[in-house]
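# Reading the structure
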Amino acid sequence: MANPFTLGVASGEPLPDGVILWTRLTGVPGRAVEVRWQLAADERFTKIVQQGTARALPEWAHSVHVRVAALRPGTEYFYRFRAGADLSAVGRTKTAADPASADLVRFAVANCQRYEHGRYTALRHLAGERPDVVFHVGDYIYESPQAADPVRRLDRTGEAVTLADYRARYARYKSDPDLMAAHAAAPWVTTWDDHEVLDNYRGRGDGSAAFLRRRAAAYQAYYEHLPLRVRPEAGALQMYRRRTYGRVADFMLLDVRQHRDAATMLGAAQEQWLLSRLATTPVRWKVLVQPLFFARRFVPGPAPNLRMDSWDGHPAERARILAAAGGLVVLSGDVHNHWACDLKADFLDPSSPSVGAEFVCSAVSSRPPETDAEAVLAANPHIRHFDGHRGYLSGTASATGFRVSHKGLESSGVRTVAEFLTDGLRIIRVDV
Ligand SMILES: [Fe+2]
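This structure is a prediction, so every number in the text was calculated from the model and none was measured.

Before going further, it helps to examine the UniProt feature "domain: PhoD-like phosphatase metallophosphatase" (unreviewed entry) in the protein. Following the UniProt record, one finds the feature "domain: PhoD-like phosphatase metallophosphatase" (unreviewed entry) at residues 107–398. In residues 107–398, the share of helix is 27% and the share of strand is 20%. The end C-alpha atoms are 11 Å apart.

Moving on to the environment of Arg296. Positionally, Arg296 belongs in the loop between strand E14 (285–289) and helix H6 (315–325). C-alpha of Arg296 to C-alpha of Val33: the two residues are 263 residues apart in sequence and 50 Å apart in space. The contacts of Arg296, once residues within four sequence positions are left out, are Leu306, Asp312, Arg318, Phe347, Leu348, Asn380, His382 and Ile383.

A few words on helix H3 (residues 177–185). When H3 is considered as a whole, its buried residues turn out to be Asp178, Leu179, Ala182, His183, Ala184 and Ala185. Turning to H3, the residues buried within the fold contact strand E1 (9–15), strand E6 (76–83), strand E8 (91–94), helix H1 (121–129), helix H2 (163–174) and strand E11 (188–190). By the N-cap criterion, in which a side-chain oxygen at the helix start approaches the backbone nitrogen of a residue two or three places on, H3 is capped by Asp176, the distance to Asp178 being 2.7 Å.

A word on the coordination of the iron ion. In an ideal octahedron of six donors the angles at the metal are 90 or 180 degrees, and in an ideal tetrahedron of four donors they are 109.5 degrees. At this site the iron ion is bound by Cys112 (SG), Asp139 (OD), Tyr142 (OH) and His336 (NE2), with donor distances of 2.1 to 2.5 Å. The sequence motif formed by the donor residues of the iron ion is C-x26-D-x2-Y-x193-H. Of this pair, Cys112 sits in the loop between strand E9 (105–110) and H1 while Asp139 sits in the loop between strand E10 (133–136) and H2, and the two are 27 residues apart along the sequence. Each member of the pair, Cys112 as well as Asp139, carries the same accessibility label: buried.

Another aspect to go through is the domain arrangement of the protein. Once the domains are mapped, the protein shows domain 1 (1–95) and domain 2 (97–431). Distance from the C-alpha centre of domain 1 to the C-alpha centre of domain 2: 27 Å. Taken together, the contact pairs 35 residues of domain 1 with 33 residues of domain 2. Summed over the shared surface of domain 1 and domain 2, the number is 4 salt bridges. Note that Glu13 and Arg241 form a salt bridge whose closest N and O atoms lie 2.7 Å from each other.

To continue, consider the UniProt feature "domain: Phospholipase D N-terminal" (unreviewed entry) in the protein. If you check UniProt for "domain: Phospholipase D N-terminal" (unreviewed entry), the listed places come out as residues 7–95 in our numbering. Taken end to end, residues 7–95 has its terminal C-alpha atoms 23 Å apart, with 0% of it in helix and 57% in strand.

Analysis parameters
Residues numbered from 1 in each chain as written. Predicted model: local features only at pLDDT ≥ 70, side-chain atom pairs only at ≥ 80, totals over all residues. Heavy atoms only, no water. UniProt positions renumbered as here; feature names shortened; annotations may be inferred. Helix = DSSP H or I, 4+ residues; strand = E, 2+ residues; numbered from the N terminus. Contact = heavy atoms within 4.5 Å. Buried < 20%, exposed > 50% of the residue type's maximum accessible area, 1.4 Å probe, protein only. Polar contact = N/O pair within 3.5 Å; in protein donor to acceptor, adjacent residues only side chain to side chain. Donors = N, O, S within 2.8 Å, 3.2 Å for Na, K, Ca; no water. Domains from an automatic or database assignment. Salt bridge = Lys/Arg side-chain N within 4 Å of Asp/Glu carboxyl O.

Structure below.
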């Protein structure tokens, strides 16, 4: 039998004392398979810290999610799996900082990795940074049929609808060596956008049994392919949560799809959770990690001038979040270009106070839309910067500063195309 670890390894959901280890076996018989795992203090596995056995079950696509606990905070570990005589690749992970820690946090953000649109070179460079944590803010896969003019081809080219379709789509994406390298380099904390299910879907979609079956299949496949701490139940998957790094950074992951309808982006329960944490957290930096462009973005020209699928469709909800936070950093994506914005108490009044900063992450590979950036910048004085490279965000949060870099991909490699410093109320420095 061939080595079953063809989709690589991953870790995620770091806590001060624990982490999730993930892999998924391929090409194995349709029954439970025993998988041994090891976690070590060193890359050569001479100092084993913990080890155990997990069962990879066919009903979960032979995925494995090992919940490791009782680890040391802010500590690097290495892990691997074994099935029979076959060994997996080695992954590096790191626990979150101790709650009392003031240590600097190094993070990266990525999103929008349509397979046929390009290679994952951005993720290879991201992997090389070995950050403390990677946030992925959606469009991990695209459910769509194969794009025209593909740079590389899907194996199953139709639109994903069934569980088998979504599983095959993830397997294709995860066969990419740069994506595997990025997962093996650091723990990931992910949230989804729309394409993990269906373009621009909201909540229960059209409410039909067929849509809910499809959504449940998509959510199950998402779980099966990512290092999540909780599994789906009854067609739902708890996604909004926070991951806190000491006294320095409170990263709040939002779910802008599952609980949504025409009246609300987040749904009452998620909004309540968020507003309450924003108002009471003792942590220095309040950081929203979510897919959608958060600042108002008026696009001059023919209507529609505002993108209603984004936060411009829910301005009152956005205003409540900004008011509760009293200083906020937003990390977002979705639009396949880099942007940086000041967040305003009232976006329609340029003289109103700035109450936060947003850094929008360009795509790993998905093609950018036609954008007249000059016109958008001119029409929105609070939008401070645009960059059209593909790439990712790289940043640090410390007790005294919050920095973000736009990383841009060029034929010669990756380069910092712009660097920002924020005080949590506005962007106070831009270096290009
Ligand atoms: Fe996208």
